[in-house]
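# Coordinate inspection notes
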Amino acid sequence: MPREIRMPELAESVVEGEIQRWLVAEGETVAKDQPIVEVMTDKATVELPSPYAGKLVKLLAAEGEVVAVHAPIALIESEDAAAEAATAPTPPAAKDASLFTASEHREAVRNPFVAARTPALPGARRLARQMGVDLDSVAGSGPGGRIRPDDVRSAGSAPRGPLTPRGYASPPGDEDRESRVPLRGVRRTIVDQLTESHLHTVRTLAVDEADWTALIEARGRLDAEAKARGVKLTYLPFIFLAVARALERHQAVNASLDEVSREIVLKRYVHLGMAVETETGLMVPVVRDVPTKTVLDLAAETQSLAESARDGSVAPERMQGSCFTVTSIGKVGTLFSFPIIKLPDAGILGVHTIQRRPVVRTIDGEERVVPRDMVYLSLSFDHRLIDGFTAATFLRDVIALLEAPETLLRSA
């Protein structure tokens, strides 16, 4: 009998993966641990190795298909399959194992009544509670009938608008002047994450400007040392340290909201996400424990992370766990923007174009117009967790640290 190859648990919070590309074809012989398929989750893209040696007899999931964790994706004929099948533990008989997440499996062992639950993604269950939708009445579009958030929105009684999926009708006579591409890969993940952010945050914007003249000079002084270490020194390490210090002072900004338990999660650590533009779309790898690192340490780590994000080799664990995110789009000339918050963060900082312009400064007791290097910073924050005054003072603290970069270098 052929042996099933199932979608593994790629990370603790990952419940499904998209088949990006099969690396082998039906009928080919593969070795144990040979990469056979490329899978993309909302965290990263990874190559999955074959758990067995043998002949791949059937592919059960097509490229572009989204598959739940534990669901079968291929069948393989293996000489040791029979022996392994005989010794393998029997999955809970309450319902098809492919319809459970890992946490649901554990719950099924503790609570036999979980067997009666309708198979659904955790996000779909949360949304159903918020919208008052009975999951038993929802038709699931996922593997094995698993319910996804879009299924809940379609079945819900919420007001029409952003919650209702919208179709598209071509203008009459223009159908042959359009083309369609499947919504998949990184772009699908971006669509899902930004929609979730829009639905589950009350996003508000605060904008201020910073004088980066001293920061530019500090970067110039460190540039030779950075080059000696083989590192390109950007402004991001300074921004990271300033944000980290300000987050330590403003606990409300370094927080997340658990809507299910109705609790605010206050964090005693600082892990920062960095927005990286790649050929396939925006990715946000995470730098952990930022306050413990120096400017040059952060320069090396952010450079390495950006490179791995662009070539698709970033590890899944480096794509999760952020407290706050920084996105720097000034190099393309943007004056300022309204960045989208990355859940479960409570805020994101947008860094924009450096502009040299005349500014009034008091010098030797007299007001003078002098040229300074100015930058707009925009803070998007979840107003449910962060009050306007807190957001403004947090942003001013970040700016004060960037305008006095020697304090960041001393702390490092």
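The present account deals with the structure reproduced in this document. (Residues numbered from 1 in each chain as written. Predicted model: local features only at pLDDT ≥ 70, side-chain atom pairs only at ≥ 80, totals over all residues. Heavy atoms only, no water.)

## Re helix 7 (residues 236–249)
We count it as follows: Every helix listed is a DSSP run of H or I at least four residues long, and every strand listed is a run of E at least two residues long, numbered separately from the N terminus. One less than the residue count of a helix, multiplied by 1.5 Å, gives the span that helix is expected to have. Buried means the residue's accessible area, taken with a 1.4 Å probe over protein chains only, is under 20% of the maximum for its type, while exposed means over 50%, and partly exposed covers the values in between.
When the terminal C-alpha atoms of helix 7 are compared, their 20 Å separation across 14 residues agrees well with the 20 Å that a helix rising 1.5 Å per residue should span. With respect to burial, helix 7 is a largely interior element, 11 of its 14 residues being buried. When we look at burial in helix 7, the residues that qualify are Leu236, Pro237, Phe238, Ile239, Phe240, Leu241, Ala242, Val243, Ala244, Ala246 and Leu247.

## Brief notes about the packing of aromatic side chains
For the record, the criterion: Note on aromatic contacts: the rings of Phe and Tyr and the six-membered ring of Trp form a pair at centre separations within 6.5 Å, being stacked when their planes are under 30 degrees apart, edge-to-face when over 60 apart, and tilted otherwise. In this scheme, the term charge over a ring applies when either NZ of a lysine or CZ of an arginine sits within 6 Å of the ring centre and within 35 degrees of the ring normal.
If you walk through the whole model with that rule in mind, you get three aromatic pairs. Consider the rings of Trp212 and Tyr235, whose centres lie 5.2 Å apart with planes at 45 degrees: the pair is tilted. Placement of Trp212 in the loop between strand 9 (203–211) and helix 6 (213–228) and of Tyr235 in the loop between helix 6 and helix 7 is noted, with a sequence separation of 23 residues between them. Positioned above the aromatic ring of Phe338 is the side chain of Arg203, whose terminal nitrogen or guanidinium carbon lies 4.0 Å from the ring centre. Above the plane of the ring of Tyr235 lies Arg219, whose end atom (NZ or CZ) is 4.6 Å from the centre.

## What about the sheet that holds strand 2 (residues 16–22)?
The condition is simple: DSSP bridges decide pairing: two strands pair if at least two such bridges lie between them. To get an axis, a line is fitted to the C-alpha atoms, and for a helix only the part in contact is used. The angle between two axes follows their N-to-C directions and goes from 0 to 180 degrees.
Across the sheet, which stays open at both edges, the four strands sit in the order 5-4-2-7 with antiparallel pairing between neighbours. Two strands bound the open sheet, and with one partner strand each, they are strand 5 (45–49) and strand 7 (66–68). Each adjacent strand pair in this sheet contributes to an overall mean axis angle of 45 degrees, direction not counted. Relative to strand 5, strand 4 (residues 35–40) runs antiparallel, the two sharing five bridges. Paired with Val39 across the bridge in strand 5 is Val46.

## Examining the packing of helix 7 against helix 8 (residues 295–311)
How we decide: Left-handed is the label given to a crossing in which the near helix is rotated counterclockwise from the far helix by less than a right angle, and right-handed is the label when the rotation is clockwise. Contacts were defined at the residue level, with two residues in contact if any of their heavy atoms lie within 4.5 Å. By the convention adopted, Pro, Cys, Tyr, Trp, Phe, Met, Ile, Leu, Val and Ala count as nonpolar, Lys, Arg, Asp and Glu as charged, and the other residues, Gly among them, as polar.
Helix 8 packs onto helix 7 with a crossing angle of 115 degrees between their chain directions and a minimal axis gap of 8 Å. As for the relative orientation of helix 7 and helix 8, their crossing is right-handed in sense. Residues Leu236, Pro237, Phe238, Phe240 and Leu241 of helix 7 form the contact with helix 8, whose participating residues are Val295, Leu298, Ala299 and Thr302. Broken down by class, the residue content of the contact of helix 7 with helix 8 amounts to eight nonpolar, one polar and no charged.

## What about the sheet that holds strand 6 (residues 54–59)?
The four strands are arranged 1-8-6-3 in an open sheet whose pairing can be described as antiparallel. Each edge of the sheet is formed by a strand with only one pairing partner; in this case those strands are strand 1 (3–6) and strand 3 (29–30). The sheet contact formed by strand 6 and strand 8 (residues 72–77) spans four bridges and is antiparallel. Each bridged residue has a counterpart across the sheet, and for Lys55 the counterpart in strand 8 is Glu77.

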